[in-house]
Amino acid sequence: MRRTADVFTCLSHSLGHLHTLSVCKLLSMELQEKLSRTGRSREVLELGQVLDTGKRKKHVPYSLSETRLEEALENLCEQILDYSVHAERKGSLRYAKGQSQTMATLKGLVQKGVKVDLGIPLELWDEPSVEVTFLKKQCETMLEEYEDVVGNWYFHHQEQPLQHFLCEGHVLPATETACLQETWTGKEKITDGQEKEEGEEQKEEEEEEEEMTKTGHSKHDPEDL
């Protein structure tokens, strides 16, 4: 029952708490991903200046250098804009890359010639939502606030996942850390506190598509797509 309890604890959080948890989770994932692309570089940097005393420049492997960290952090939070709101998913799984299930359904209707009115032009459907843009700003604020913590992890604690070191160790209270372990398997759609069976999900999706075909309106807020 522990897993079930953890899920419902995650669902009980306010959107503000969910944003903080999600931003820390995404920030950690994106930074480690960027660092993984340069971790095997054999480049060696020469640091410092040759003084009159004849002191030699310091040679530092790029993979261990501050330069590598600075380059990874540059425009890091821009990556958040690649995420979408997946309203059909709950907890921190609400934010993921790729098109949401609801948006895919709506576009499918448009391709069939159905007029769908979301209150925004079709060409703006794929633009980052207000909620995702807000997450990006929160990412920038968090990165600034915990810059020293990230640096400490990079130089001294990379044996730990950044998500554990930063989010569990510094950003989130202990009662919220279980939510960091949420992963999407396709079965995490929860309604009224209970998981839906696969058949129920398919039936609901078909009913929603039928309703949108008739009315041309989605019951979802455009920001949740």
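What counts as what
Each residue is numbered by its place in its chain's sequence as written, counting from 1. At least 70 in pLDDT is required for a residue's local features to be given in this predicted model, at least 80 for side-chain atom pairs to be given and counted, and no such filter applies to totals for whole chains, interfaces and linings, which use all residues. Processing note: side-chain calculations cover all non-hydrogen atoms of the structure and skip hydrogens and water entirely. UniProt positions are given in the numbering used here, feature names are shortened, and annotations may be inferred rather than shown by experiment. Numbering goes from the N terminus for both helices and strands, where a helix is a DSSP run of H or I of at least four residues and a strand is a run of E of at least two. Each residue gets one of three labels from its accessible area relative to the maximum for its type: buried under 20%, exposed over 50%, partly exposed in between, using a 1.4 Å probe on protein chains only. Note on contacts: a residue pair is in contact if any heavy atoms of the two residues lie within 4.5 Å. Throughout, the Shrake-Rupley method with a 1.4 Å probe supplies accessible areas, and for residues the shown protein chains are the sole cover considered. Classification of ring pairs rests on two measures: the distance between centres of Phe, Tyr or Trp rings, Trp counted by its six-membered ring, which must be within 6.5 Å, and the angle between planes, read as stacked under 30 degrees, edge-to-face over 60 and tilted in between. Disulfide assignment relies on a single distance test, namely cysteine sulfur atoms paired within 2.5 Å.

- The name given to the protein in an unreviewed UniProt entry is Protein canopy homolog 4 isoform X2, and the organism recorded there is Octodon degus.
- As recorded by UniProt, the Sequence similarities (unreviewed entry) comment attached to the protein reads in full: "Belongs to the canopy family."

Things to note about the overall build of the protein
Part 1 of the reasoning: The helix and strand inventory of the protein stands at eight helices and six strands.
Part 2 of the reasoning: Taken from the N to the C terminus, the helices and strands of the protein come in the order α-α-β-β-α-β-β-α-α-α-α-β-β-α.
Part 3 of the reasoning: A total of 225 residues make up the protein; the buried ones form 38% of that total.
Part 4 of the reasoning: Residue pairs in contact within the protein that sit at least 24 positions apart in sequence constitute 66% of those at least 6 positions apart.
Part 5 of the reasoning: Carbon and sulfur atoms make up 48% of the accessible area of the protein, which amounts to about 13800 Å² in all.

Describing the packing of aromatic side chains
Part 1 of the reasoning: Following the criterion strictly, the structure yields one aromatic pair and no others.
Part 2 of the reasoning: Residues Y154 and F155 carry aromatic rings whose centres are separated by 4.9 Å and whose planes lie at 80° to one another, so their mutual orientation is edge-to-face.

Quick notes on the state of the cysteines
Part 1 of the reasoning: On inspection of all chains with the given rule, the structure shows two disulfides.
Part 2 of the reasoning: A sulfur-sulfur separation of 2.1 Å characterises the disulfide bridge that pairs C77 with C139. Taking the torsion about the S-S bond as the criterion, the C77 to C139 disulfide, at about -75°, is left-handed. Placement of the pair is C77 in the loop between α3 (66-73) and β3 (83-85) and C139 in helix α5 (residues 130-145), with a sequence separation of 62 residues.
Part 3 of the reasoning: For C139, a relative accessible area of 1% gives the class buried.

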